[in-house]
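Summary of the model geometry
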Amino acid sequence: MSTIERLVSSESFDAMVVSICFWVILYVVVKLITVHAGVGNLLKNGDKRIAKLRKAVMHMRMLCTSRGAKKNLAKSVKVLDDVIKYEKKATRVLTMYLFDDRNDFDVAQARNLVKSIPDACREALVKLADKQTDDLGERFDKMLEDLKTARELLKKADMLDKKKELLRM
């Protein structure tokens, strides 16, 4: 029996392999949980989640302003659920950031802009159900402009954080 065969067949080698596998699996699970929670660069994750919210609002706009908008009302309600889900995710990340840095008014303003989106979407759906579609396009333009402003505020805050970090070094 060669040295490698004796090493592989020993009990301590088996214990080492099991230990390594355990730590690798634990690392992957913790990494998945932290990525799902948005931990890391919170402003970058917030920007990504606002981008997803913007896509959902654009999809809702397409459904509400199309010709068969009354037929698409059920689809619009499903998209509203997505808008609410993405708003909650983005707000959660921004709140986590504000927990550490309460004096960052740009992020607080961005969070308030993001929080207002589901209510505006609900109002647009109510107007659509009441057949008052004259200003739906303007409402969605304002929502998209608010999301754009929120993303710009997050990018500005991220740049300031990076400058502060460089000055500390």
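See the structure printed just above.
Now for a quick tour of the structure. (Residues numbered from 1 in each chain as written. Predicted model: local features only at pLDDT ≥ 70, side-chain atom pairs only at ≥ 80, totals over all residues. Heavy atoms only, no water.)

1. Looking at the side chain of Glu87
Which entries qualify depends on this criterion: In this description a helix means any DSSP run of H or I spanning at least four residues, a strand means any run of E spanning at least two, and both kinds are numbered starting from the N terminus. Three labels apply to residues, based on accessible area from a 1.4 Å probe with only protein chains included: buried if under 20% of the type maximum, exposed if over 50%, partly exposed otherwise in between. Only four residue types enter the tally: Lys and Arg on the positive side, Asp and Glu on the negative side; His and the chain ends are excluded. Each salt bridge in this description consists of a side-chain nitrogen of Lys or Arg and a carboxyl oxygen of Asp or Glu lying within 4 Å of one another.
Here Glu87 lies in helix α4 (residues 73–100). Buried Glu87, no salt bridge; nearest opposite-charge side chain is Lys115, N-O distance 6.5 Å.

2. Description of helix α7 (residues 136–168)
Here is the rule: By definition here, a helix of n residues has an expected span of 1.5 Å times n minus one. Residues count as neighbours in contact if any of their non-hydrogen atoms are within 4.5 Å of one another.
With 33 residues, α7 extends 48 Å from end C-alpha to end C-alpha; this agrees with the ideal 48 Å at 1.5 Å per step. Among the residues of α7, those classed as buried are Leu136, Phe140, Met143, Leu144, Asp146, Leu147, Ala150, Leu153, Leu154, Ala157 and Asp158. Elements in contact with the buried residues of α7: α3 (42–65), α4, α5 (105–115) and α6 (117–129).

3. Things to note about the packing of α4 against α6
Packed helices, taken two at a time, are described by the angle between their axes plus the distance between the axes. For the record, the criterion: Angles shown run from 0 to 180 degrees and are taken between the N-to-C directions of axes, each axis being a line fitted to C-alpha atoms and, for helices, limited to the stretch in contact. For this classification, under 35 degrees means roughly parallel, over 145 means roughly antiparallel, 65 to 115 means roughly perpendicular, and everything else is oblique.
The geometry of α4 relative to α6 is characterised by a closest axis approach of 9 Å and an angle of 170° between their N-to-C directions. Here α6 runs roughly antiparallel to α4, going by the angle between their axes. Contacts between α4 and α6 pair Leu73, Ser76, Val77, Leu80, Val83, Ile84 and Glu87 from the former with Ile117, Pro118, Cys121, Arg122, Leu125, Leu128 and Ala129 from the latter.

4. Considerations on a nonpolar patch on the surface
How we decide: A patch is a set of surface residues, each over 30% in relative accessible area and not in a salt bridge, joined within 9 Å for like charges and within 5 Å for the nonpolar side chains Val, Leu, Ile, Met, Phe, Trp and Tyr. Surface accessibility in these figures is a Shrake-Rupley result with a 1.4 Å probe; residues are shielded only by whichever protein chains are displayed.
A surface patch of nonpolar side chains, about 660 Å² in accessible area, is lined by Met16, Val17, Ile20, Val24, Tyr27, Val28 and Leu32. Within the fold, Val17 resides in helix α2 (residues 11–37).

Fair warning: the whole summary comes from geometry, so function is off the table for now.
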